[in-house]
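# Coordinate analysis (summary)
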Amino acid sequence: MTDKELYGLAKAAMKNSYSPYSNCKVGAALLCKNGKAFTGTNIENAAFGPTICAERVAIFKAVSEGEKEFSKIAVVGGKGGIINGIFAPCGVCRQVLREFCKDDFEILLGETADSYKTVTLKDLLPLSFSPENVK
Ligand code: THU
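About the criteria used
Residues numbered from 1 in each chain as written. Predicted model: local features only at pLDDT ≥ 70, side-chain atom pairs only at ≥ 80, totals over all residues. Heavy atoms only, no water. Helix = DSSP H or I, 4+ residues; strand = E, 2+ residues; numbered from the N terminus. Rg over C-alpha atoms; globule rule 2.2 N^0.38 Å. Buried < 20%, exposed > 50% of the residue type's maximum accessible area, 1.4 Å probe, protein only. Areas by Shrake-Rupley, 256 points an atom, 1.4 Å probe, with all protein chains shown as cover. Lys, Arg positive; Asp, Glu negative; His and termini not counted. Charge placed at Lys NZ, Arg CZ, Asp CG, Glu CD. Contact = heavy atoms within 4.5 Å. Pairing = 2+ DSSP bridges. Axes fitted to C-alpha atoms, helices over the stretch in contact; angles between N-to-C directions. Right-handed = clockwise from strand over helix to strand, strands pointing away.

## A look at the overall build of the protein
In terms of helices and strands, the protein carries four helices and five strands. Counting from the amino terminus, the protein carries its helices and strands in the arrangement α-β-β-α-β-α-β-β-α. Radius of gyration (C-alpha) of the protein: 14 Å, near the 14 Å computed for a compact globule of 135 residues. When the backbone C-alpha atoms are referred to their principal axes, the protein occupies close to 40 × 35 × 30 Å. The proportion of buried residues among the 135 residues of the protein is 41%. As displayed, the protein has an accessible area near 7,100 Å², and 55% of this comes from carbon and sulfur atoms. Side-chain charges in the protein split into 17 positive and 15 negative, and the spacing between the mean points of these groups amounts to 3 Å.

Here it is as structure tokens:
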């Protein structure tokens, strides 16, 4: 799958966002090393705390289906579903990514409906705490 196709999956996932409180619609598409892809969207909750981000939904879907080897993730979001600048993964999602991915893992950050910039997990989470630290 091309990066552009992965970005397309992330954009499509925004449509299912359950975000009645923030109206921020976020989509993520996670590519496994074996070529499979898992999508996720943010799911909010009236109690706020149980809200889960699009990225973690995609990661947890994949892990629960037996996949733990990932090559990249595309993330896109916008108020009311309008893509107008980067919606970068929150700190919790960065740490969850680090559980399964190394520093060179690629993250495609949607900027507009047609463009994204590519960064690495190390860019977003330098000096990370990782599974190696607790071995
Ligand atoms: N959100 C994500 O889905 N991913 C992130 O990494 C940042 C925040 C969602 C959670 C919440 O539903 C909304 O965006 C506003 O915080």
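Moving on, there is more to tell.
## As for helix α2 (residues 54-64)
Counting along an α-helix, one turn takes 3.6 residues, and residues three or four places apart therefore face a common direction. The set of residues buried in α2 consists of Ala54, Glu55, Arg56, Val57, Ala58, Ile59 and Ala62. Each element contacted by the buried residues of α2 is listed here: β1 (24-32), β2 (37-41), β3 (70-79) and α3 (91-100).

## What about the sheet that holds β3?
Spatially, β2-β1-β3-β4-β5 is the arrangement adopted by the five strands of the open sheet, whose pairing is mixed. Bordering the open sheet on either side are β2 and β5 (115-120), each of which pairs with just one other strand. Ignoring which end each strand starts from, the neighbouring axes of this sheet average 20° apart. Two strands pair when backbone bridges link them, and β3 and strand β4 (residues 106-112) are joined in this way by four bridges, in the parallel orientation. Note that in β4 the partner of alanine 74 across the bridge is leucine 108. Helix-sheet contacts for α2 involve β1, β2 and β3, and the interaxial angle to β2 is about 140°.

## Considerations on the pairing of β4
Taken residue by residue, a regular strand's side chains alternate between the two faces of the sheet. Taken together, β3, α3 and β4 constitute a β-α-β crossover, and its handedness is right-handed. Across six bridges, β4 lies against β5 in antiparallel orientation. Its bridge partner being in β5, leucine 109 is matched across the sheet by lysine 117. Connecting β4 to the next strand, β5, in antiparallel fashion are two residues.

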